[in-house]
Amino acid sequence: MIIAERPFNVNGLSYTIRSAAAEDAEQLSGLRVQIDGETENLDREPGEAFIDAPGFVKLIQADSVSPTNLFLVAAVEDRIVAFSRCQGSDLIRFSHKVEFGVGVLKDYWGHGIGKNLLKTSIDWADSTGMVKMTLTVLETNEKAVRLYEKLGFEVEGVLRKDKLLSDGTYYSTLVMGRLNQ
């Protein structure tokens, strides 16, 4: 699905949120690896499940025509600094919901980029009749959990000892969901 571009100015930073385009593929490939290396809050180590530029082109093209997928980027001028994706299902029994995921470069934390990507995604999901949006979050990412709760998400379950981080400790993942009001 394609949405209209939205401008934002938060804490002195101007950026736009828009649908990903095929021309973004090269930047997205490098950005994803960089973000994976900046935090352990995400699922991957840097370079794991690598998607090259042609792979991103295919993903963007498929998401652009899918009524149940939304691929967004946040750009400061011409530089992509974050992305998010809502992925639905072609299965009829799951066609009412989408799963949300997000990544923001660490240098751009604190400017509401992740929050605005999520709010834009919620607006899209609600307007397209999606009944439910889901996401997963590491139990120790308290700031993200508070944001998700503020935007209507509730903890629906806990995946115990779900992730092994660099400190050698297993951490739980929270499964959160938001119903279209």
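In short, a report on the structure. Each chain carries its own residue numbering, running from 1 in the direction its sequence is written. Selection of residues for local features in this predicted model requires a pLDDT of at least 70, selection of side-chain atom pairs for listing and counting requires 80 or more, and totals for whole chains, interfaces and linings are taken over all residues. Remark: hydrogens and water are excluded; side-chain values derive from all non-hydrogen atoms of the structure.

### Topic: unusual backbone geometry
Inference 1: Residues other than glycine seldom take positive phi values, yet N11 does so here, at roughly 50°.
Inference 2: Within the secondary structure layout, N11 lies in the loop between strand 1 (6-10) and strand 2 (13-19).
Inference 3: Relative accessibility under 20% of the residue-type maximum defines a buried residue, over 50% an exposed one, and the middle range a partly exposed one, all with a 1.4 Å probe and only protein chains included. According to the relative accessible area criterion, N11 is exposed, its value standing at 60%.
Inference 4: Although it is not a glycine, E77 adopts a positive phi angle of roughly 55°.
Inference 5: With respect to the helices and strands, the residue E77 is situated in the loop between strand 3 (70-76) and strand 4 (79-87). Runs of H or I in DSSP of at least four residues are treated as helices and runs of E of at least two as strands, each being numbered from the N terminus.

### Digging into the nonpolar core
Inference 1: Counting 46 residues, the largest nonpolar core has L28, I113 and M133 as the members making the most contacts within it.
Inference 2: Should any heavy atoms of two residues lie within 4.5 Å, those residues are considered in contact. Those residues in contact with I113 that sit more than four places away from it in its chain are L13, Y15, I17, A74, V81, A82, V104 and Y108. Throughout, nonpolar core names a set of buried Ala, Val, Leu, Ile, Met, Phe, Trp, Tyr and Cys residues whose side chains join them through atoms within 4.5 Å.

### Description of the pattern of salt bridges
Inference 1: Here a salt bridge means any side-chain nitrogen of Lys or Arg lying within 4 Å of a carboxyl oxygen belonging to Asp or Glu. Across all of its chains, the model carries 7 salt bridges by this definition.
Inference 2: Among the ionic pairs, D43 bridges to K163, the shortest N-O distance being 2.6 Å. Residue D43 is found in the loop between helix 1 (25-38) and helix 2 (53-65), and its partner K163 is found in strand 7 (residues 154-164); the two are separated by 120 residues along the sequence.
Inference 3: Judged by its relative accessible area of 56%, D43 falls in the exposed class.
Inference 4: Of the residues examined, K163 reaches a relative accessible area of 13% and is grouped as buried.
Inference 5: Here E156 and K132 are joined by a salt bridge, their closest N and O atoms 3.0 Å apart. Taken together, the positions of E156 in strand 7 and K132 in strand 6 (residues 132-138) put the pair 24 residues apart, joining distant regions of the chain.
Inference 6: For K132, a relative accessible area of 18% gives the class buried.

### Brief notes about the pairing of strand 7
Inference 1: Two strands pair if DSSP finds at least two bridges between them. Bridge count between strand 7 and strand 8 (residues 170-179): 7 bridges; the pairing is antiparallel. From the neighbouring strand, L159 faces strand 8, where its bridge partner is T173.
Inference 2: Between the antiparallel neighbours strand 7 and strand 8 lie 5 residues, among them G168 with a positive phi of about 80°.

### Focus on the sheet that holds strand 5 (residues 97-104)
Inference 1: Strand order in the open sheet made by the 8 strands is 1-2-3-4-5-6-8-7, with mixed pairing throughout. Looking at the sheet topology across the chains shown, the edges are occupied by strand 1 and strand 7. Going from strand to strand, the sheet's axes swing by 25° on average, the running direction of each strand aside.
Inference 2: For strand 1 and strand 2, the ladder comprises 5 bridges, and the chain directions are antiparallel. Bridge pairing links F8 to Y15 in strand 2.
Inference 3: Think of each axis as a best-fit line through the C-alpha atoms, taken over the contacting stretch in the case of a helix, with angles from 0 to 180 degrees between the N-to-C directions. In this fold helix 1 packs onto strand 3, strand 4 and strand 5, with an angle of close to 85° to the strand it touches most, strand 4.
Inference 4: Each of strand 5, strand 6, strand 7 and strand 8 is contacted by helix 4 (residues 142-150), which is oriented at about 165° to strand 6, the strand it contacts most.

### Describing the side chain of D24
Inference 1: Take D24: it is sitting in the loop between strand 2 and helix 1.
Inference 2: Look at D24 and you get buried, because its relative accessible area is 5%.
Inference 3: For the purposes of these results, a polar contact is taken to be a pair of N or O atoms within 3.5 Å, where, inside protein, one atom must be able to donate a hydrogen and its partner to accept one; residues adjacent in sequence count only when each atom of the pair is a side-chain atom. Within polar-contact distance, the side chain of D24 engages the backbone nitrogen of A21 at 2.8 Å.
Inference 4: Excluding its chain neighbours within four sequence positions, the residues that come into contact with D24 are R18, S19, V73 and I80.

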